[in-house]
Amino acid sequence: MFKLFAKISLFSTLFSLPFAGISVGVESSIQSLDFSGSGPLFLSDNQIQEDLHQAERLLQDNYVRYPLLEKAGVSWQSAFKKLADQMLTKTNPTLTHHFQKQLIKALEFTEDSNLQADLFLNKRHYVQRIEPKVAFYSGIRMAQQQERFRVLPSLKQPKNIVNHWFIDCKTTQEVFFPVLPERQSELLFMLGQQANHQLQSLDCTFENDSAVKQQILLPLIMSEAELNRPEMPVYEYKVGRTPYVRWYRDGKPEEIAVKQFQKLARKLQTTRTLIIDVRGNRNGSFAFIEKWLKEFTSNHWKNVIVRERQTLPVLKGLLNRVQWNLHHSTPRLLIGQHQLEQKRMQLQALINHFRDKGIDEKWVETKFIFNGQNNAPKWNTRLIVIANQHCGNGCQFLAALTRQIPNGILIGTNTGPFPKNISGPIYQLKHSSIMLSFSHRMHLDHRGKPVSPSGYLPDYWLFPPMGLTDILRFASKSN
């Protein structure tokens, strides 16, 4: 009944399926969210213990990444016990919003920015979420030579460590980000770290060929991700040895720029290497880029897969999400109250359907399926995709494509969490009234393997002052 034959991520279609004739009288058995803000300012030890136990059970029973992390060696029980020990050893009463903050902090090991806790208290709305990790770079570029790393000359680094060997860094776990090579055979890296908060400087040791060591503090700079504005053009095209296409946003079919964009695809059919830049294209759809690719190739691909888990508790959490949306709805919202009421009725019907049929669990898959035009040529192009964390449906498809086709290359930063948790289930903790939300969907690659909450990692990271000129040079040399 619920098979979705979708080529784009129409996740909301789940709730628009017909359930005629099914009873919808289950609302009274489902606990509604309490937005009154009348919860306690402070929590007792017993209240903390019970809410922690409830939160742990909610995640264990409903969070789709719970078993994955457990299989990877994560001890959820230890994480919650550590938090309980921390909260229950305090002599002073615990503020409710402090408990909310510590709960999310304790779950940061998931690296899942879809995890969020909302608290309405005394006419205030407290929001705590797991922030996504970003790359912090030092400006220290190094070449790998056998098992060691030698510092390369750069304008933004201490001159006294040029050609020195990297030894190690104190206390913090450094990261070697692969960056674009200047020659085809070399391996270059940028020294830095990944985190979801501002970092202190790296305290690192280098030595020269005479084994004389130097210890240097290296400030870390956050790699900012640009976001496209609505007034930007549909696309930009640069002619050259390697064609470069920047896709900024979707456009309407009647726009002249959109028609020109389609013509460009036909013009580029025989190109050997193509660069598609989708940085900042957060709202670019799969449907739009699919039409462009249809003019370009006759190939067929399935890559981005979203698996959605349905159980009775998840469906009840989704009913809470509808209540949340109704509570926050305004006349400006695209989804009006009538549509939300319809979704609520359909969810209630689906809950009864699960009960009547004795269904414990159901998984629904949505795939990005591309079928090229028969009269277009076969794919014979080396694809280079440039992306950042503002990566929408179309961007995610292109990034995934670089993992699927021969010689595909992804440059930039990680593509960020997908899909966004804008319609996931919400559950309210008994004593604190904290509303805990997370995604019931799993992002899989073309092989059916789970993708990290950080998204697809690039083959080569892009840090200032590296830019398009370096990418064009790399593409030209490796053609």
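*Asks:* Would you mind going over the confidence of the model for the chain in detail, with residue names and values included?
*Replies:* Here the chain averages 90 in pLDDT, and 91% of its residues register 70 or above. This stretch, residues 1-30, has a pLDDT under 50; its non-local contacts, to residues over four places away or in other chains, come to 66 contacts.

*Asks:* Before we move on, could you go through the sheet that holds strand β16 (residues 300-310) and cite the residues and values that matter?
*Replies:* With antiparallel pairing, three strands are arranged side by side in an open sheet as β17-β16-β22. Both outer strands of the open sheet, β17 (362-371) and β22 (441-444), are each paired with one neighbouring strand and no more. Strand-to-strand twist across the sheet, computed as the mean angle between neighbouring axes with direction ignored, equals 20°. Of the strand pairs in this sheet, β16 and β22 are connected by four bridges, and their pairing is antiparallel.

*Asks:* Residues and numbers for the pattern of salt bridges, please.
*Replies:* Oppositely charged side chains can pair when the atoms bearing their charge come close. Taken as a whole and assessed by the stated rule, the structure comprises 23 salt bridges. As a salt-bridge pair, E186 and R183 come within 3.1 Å of each other at their nearest N and O atoms. R229 serves as the salt-bridge partner of E231, at 2.9 Å between the closest nitrogen and oxygen. A cluster of three or more residues bridged by salt bridges with shared partners is formed by E226, R246, D277 and R279.

*Asks:* Got a sec to walk through the state of the cysteines? Specific residues and values, please.
*Replies:* Going through the model one piece at a time under the given rule, you end up with two disulfides. Each sulfur of the disulfide joining C169 and C204 lies 1.9 Å from the other. Across the disulfide from C169 to C204, rotation about the S-S bond amounts to roughly 90°, and the bridge is consequently right-handed. Highlighted residues: C169 in strand β7 (residues 165-169) and C204 in strand β10 (residues 202-207), separated in sequence by 35 residues. Taken individually, C169 and C204 each receive the classification buried, so the pair is uniform in this respect. In this model, C391 is linked to C395 through a disulfide, with the two sulfur atoms separated by 1.9 Å. Residues C391 and C395 share a disulfide whose torsion about the S-S bond is about -100°; that sign makes it left-handed.

*Asks:* Describe the packing of aromatic side chains, naming the residues involved and giving the relevant values.
*Replies:* Within a pair of aromatic rings, the relevant descriptors are the distance that separates the centres and the angle that separates the planes. On inspection of all chains with the given rule, the structure shows 30 aromatic pairs. One residue, K294, lies across the ring of F370, its end atom 5.9 Å from the ring centre. Between the NZ or CZ atom of R307 and the centre of the ring of W363, over which it lies, the distance is 4.4 Å.

*Asks:* Report on the pairing of strand β19 (residues 409-412), specifying residues and quantitative values.
*Replies:* What you see with β19 is no split at all: I409 and I411 on one side and L410 and G412 on the other are buried throughout. As for the winding sense of the linkage, the β-α-β connection from strand β18 (residues 382-387) through helix α9 (residues 393-402) to β19 is right-handed. Strand direction decides the pairing type here: β19 and strand β23 (residues 460-461), joined by two bridges, are parallel. What sits directly across from I411, in β23, is Y460.

*Asks:* Could you give an account of the sheet that holds strand β4 (residues 124-129), with specific residues and numbers?
*Replies:* Read from one edge of the open sheet, four strands run β4-β3-β21-β20, paired in antiparallel fashion. Each having just a single partner strand, β4 and β20 (426-428) make up the two edges of the open sheet. Across the sheet, the mean angle from the axis of one strand to that of its neighbour is 20°, orientation sign disregarded. Set on the sheet, helix α4 (residues 96-106) makes contact with β3 (116-121), β4 and β21 (435-437); between it and β3 the angle comes to about 175°.

What counts as what
Residues numbered from 1 in each chain as written. Predicted model: local features only at pLDDT ≥ 70, side-chain atom pairs only at ≥ 80, totals over all residues. Heavy atoms only, no water. pLDDT = per-residue confidence, 0-100. Contact = heavy atoms within 4.5 Å. Pairing = 2+ DSSP bridges. Helix = DSSP H or I, 4+ residues; strand = E, 2+ residues; numbered from the N terminus. Axes fitted to C-alpha atoms, helices over the stretch in contact; angles between N-to-C directions. Salt bridge = Lys/Arg side-chain N within 4 Å of Asp/Glu carboxyl O. Disulfide = S-S within 2.5 Å. Buried < 20%, exposed > 50% of the residue type's maximum accessible area, 1.4 Å probe, protein only. Phe/Tyr/Trp six-rings, centres within 6.5 Å; stacked < 30°, edge-to-face > 60°. Lys NZ or Arg CZ within 6 Å of the ring centre and 35° of its normal. Right-handed = clockwise from strand over helix to strand, strands pointing away.

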